[in-house]
Amino acid sequence: MTLVKTLTGAVSALALGTIGATAEPALVFDLGGKFDKSFNEAAHNGGQRWANETGEDYREIEMQSEAQREQALRRFAEAGMNPIAMTGFAFGSVLEEVAPDYPDTRFVIIDAVVDQPNVRSVVFSEHEGSYLVGMMAAMASDTGTVGFVGGMDIPLIRKFACGYAQGVKAVNADATVIQNMTGTTPAAWADPVKGSELARAQIGQGADVIYAAAGSTGLGVLQAAADEGILGIGVDSNQNYLHPGHMLTSMLKRVDVAVYDAFTEGADLAPGVQVLGLAENGIDYALDAYNEDLVTEEMIAAVDAAKAQIISGALVVHDYMSDNTCPVQ
Amino acid sequence: MDLATLLQVLDSTVRLATPLLLACLAGLYSERAGIFDIGLEGKMLAAAFLSAAVAAVTGSVWLGLGAGILAALLMALIHGLASITFRGNQLISGVAINFLAAGLTVVIAQDWFQQGGRTPSLMGGARFEAITLPLAETLRAVPVFGPIYHDLISGHTIPVYFAFAMVPVTWWVLFRTRFGLRLRAVGESPEALDTAGVSVIRTRYAAVLICGVLCGIAGAYLATALQAGFSKDMTAGRGYIALAALIFAKWRPWHALMATMLFGLLQAVALRYQSLELGRVTVPVQAMDALPYILTVVILAGFVGRAIPPRAGGEPYVKER
């Protein structure tokens, strides 16, 4: 009996504690986990940066299965967390249902658009960044053939592929872009062995630079590229350090900036759709100590010129998701 | 298709088929002894993790291989304990092993290395290196045979050659030795073996442990030869494809080689050509991916010969009173 009392007491104290600490932000990671060296890890870094700078704390949870999404969002909302940020397009339909039930809570969803008055939708112009790394790939390639390995075959990944192909063709109109998708189920994000074989198949067809946008499968692609002595291009986070000397660059998607901004603005962040592109520094290519020997002055000049043109609007990179077609193959 | 392309596809076939072949032979020993094993996937995963972890810490791939075999053996022992000693349901025990391995590997990896359920990347001696067979360079100039020998037969890692060698060895053990006869007997009619004074329990344990060793090598091959480290769920269903291959092969070693090579070839072709054009028909990549399962169902349905599993398979042995 006493034990039960103590327990109930402890539980209510905990509940009160969480409600008491209002406006504590929360971060929900998608399947794939916090330390995927890529997309989710970028979100984690953004949250950490905010926590270090402000000295405050935030709550987080990693999804283990599809069924947990709604539960996690409701738990955090009911505990008074605000704002609640989540990573991944898969939260879209769940948030559509959950958001109206908590009108006083602000939600931030990355990579999807949810049209609710208390939701900020953050989407990135991945096609612009992919265009830039595509240009670098074409300039670094000796064979005139470059590769792309995508994860699950969804419009978002085709957007990466399409931007990349446009960048390659802008530098070398005769170049061949070999495109492969790993699969059509979420398992396609986590099969590095298949990623390696895809990369080897592309190398067999002459590819000497391969861009991987495939979660953990991409780590297999980059490994095969390093093993076979060609160049790989990473995605989302800066992956240059994985294989120094064999990583041409990484297409950076500043998920960390999106999370950091959301947490900084706190409980009264502005809802609506936020598109982060080159102009907003939401998208960029990586240049650091690990790849400075591979990237020539010429490449930097060409890529930065294109970047300026895209920002000014003089150059428009076609967005695959706008009409589900790609002008180049 | 020219010779070079053909060789690249076949080379990829060999790499993709090796883990399938090892797991298929592993299942062959176990199922021939009457212990169904759908835990091949879990055993490979556990082995992949521990081999990569130990190789990363010690820098030696051989210690890694040993640790991988140990991990798979441990899983095999759990399966044996549940289904032989305690006469539990073999399918449920197998499923439990798959879940156990999927969860445990990530948790332990996160605890040891703090890299999100991954092991650090393996370098140099912590990975299996491709070995060049004697005379490969010299014979390269010989037309047709040279490139085949140099590109396809030479240049693989040790587990690949081991897997191929295991096919005739398995045939010999199963069909030419006393142990093999007993192993097959225990899967068909354990009473007979018991009457002859041979321990059913011991024979079945031996088969399950051999299965563990082979799964261990398959897992270590994935993590330390094909890849440079472990990542979450990296077996990606290969244990199940190996099971399908085992049924397709009707529980025979040479057929197992053919079945796994066929499944490997299908995967390799699917990776090379996103859509395959055969005359006027275009085969989409998804159809190629599904083909191993479709073929297995066709075989099970009895359209192309019949697949008859060992008669005492799936049943725990209870001595008559």
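Let me sum up the structure you'll find in this document. (Residues numbered from 1 in each chain as written. Chains lettered and ligands numbered in written order. Predicted model: local features only at pLDDT ≥ 70, side-chain atom pairs only at ≥ 80, totals over all residues. Heavy atoms only, no water.)

**Focus: helix α4 (residues 90-113) of chain B**
Residue and element names in this part refer to chain B.
For step 1, the next point in the chain: Taking 1.5 Å per residue as the helical rise, α4 with its 24 residues ought to reach 34 Å, and the 34 Å between its terminal C-alpha atoms agrees with that figure.
For step 2, the next point in the chain: Residues of α4 that are buried in the fold lie against α2 (40-58), α3 (61-85) and α10 (238-248).
For step 3, the next point in the chain: With a side-chain oxygen lying 2.8 Å from the backbone nitrogen of Leu91, the N-terminal cap of α4 falls on Asn89.
For step 4, the next point in the chain: Positive backbone phi, approximately 50 degrees, marks Gln114, located one or two places after α4. (Helix = DSSP H or I, 4+ residues; strand = E, 2+ residues; numbered from the N terminus. Expected span 1.5 Å × (residues − 1). Contact = heavy atoms within 4.5 Å. Polar contact = N/O pair within 3.5 Å; in protein donor to acceptor, adjacent residues only side chain to side chain.)

**A word on the pairing of strand β8 (residues 209-213) of chain A**
Residues and elements named next belong to chain A.
For step 1, the next point in the chain: Counting buried residues along β8, five of its five residues qualify, which places the element largely inside the surrounding structure.
For step 2, the next point in the chain: The side-chain alternation of β8 yields two buried faces, one formed by Val209, Tyr211 and Ala213 and the other by Ile210 and Ala212.
For step 3, the next point in the chain: In this sheet, β8 lies alongside strand β6 (residues 145-152) in parallel orientation, the contact comprising four bridges. In the strand pairing of β8, Val149 is matched with Ala212.
For step 4, the next point in the chain: For β8 and strand β9 (residues 231-236), the ladder comprises three bridges, and the chain directions are parallel. Following the sheet pairing, Tyr211 is matched in β9 by Ile233. (Buried < 20%, exposed > 50% of the residue type's maximum accessible area, 1.4 Å probe, protein only. Pairing = 2+ DSSP bridges.)

**What about the state of the cysteines?**
All names here are of chain A.
For step 1, the next point in the chain: With the rule as written, the count across this model stands at one disulfide over all chains.
For step 2, the next point in the chain: What pairs with Cys162 in a disulfide is Cys326, and their sulfur atoms sit 2.1 Å apart. Where Cys162 bonds to Cys326 through sulfur, the torsion about that S-S bond is close to 95 degrees, and the disulfide is right-handed. Remark: Cys326 occurs in the segment after α11 (320-323) and Cys162 occurs in helix α6 (residues 155-171); sequence separation between them is 164 residues. (Disulfide = S-S within 2.5 Å.)

**Points about the nonpolar core**
One recurring pattern in soluble globular proteins is that nonpolar side chains are buried together.
For step 1, the next point in the chain: With 103 residues, the main nonpolar core has A:Ile210, B:Leu25, B:Leu40, B:Leu214, B:Phe230, B:Met234 and B:Phe263 as its most contacted residues.
For step 2, the next point in the chain: With near-sequence residues (within four places) excluded, B:Phe230 lies in contact with B:Leu45, B:Ala48, B:Phe49, B:Ala52, B:Thr105, B:Gly117, B:Arg118 and B:Thr119. (Core = buried A, V, L, I, M, F, W, Y, C linked by side-chain atoms within 4.5 Å.)

**A few points about the pattern of salt bridges**
For step 1, the next point in the chain: In total, this model carries 18 salt bridges over all chains according to the counting rule given.
For step 2, the next point in the chain: Notably, a salt bridge pairs A:Glu265 with A:Arg120, separated by 2.6 Å at the nearest N-O pair. Here A:Glu265, found in helix α9 (residues 255-265), pairs with A:Arg120, found in strand β5 (residues 119-124); they are 145 residues apart in sequence, far enough to count as distant.
For step 3, the next point in the chain: We classify A:Glu265 as partly exposed; its relative accessible area is 34%.
For step 4, the next point in the chain: B:Lys43 is the salt-bridge partner of B:Asp37, the closest N and O atoms lying 2.3 Å from each other. Across the pair, B:Lys43 and B:Asp37 agree in class, each one buried.
For step 5, the next point in the chain: Beyond isolated ion pairs, a larger network of salt bridges with shared partners links A:Asp111, A:Glu126, A:Lys159 and A:Lys253. (Salt bridge = Lys/Arg side-chain N within 4 Å of Asp/Glu carboxyl O.)

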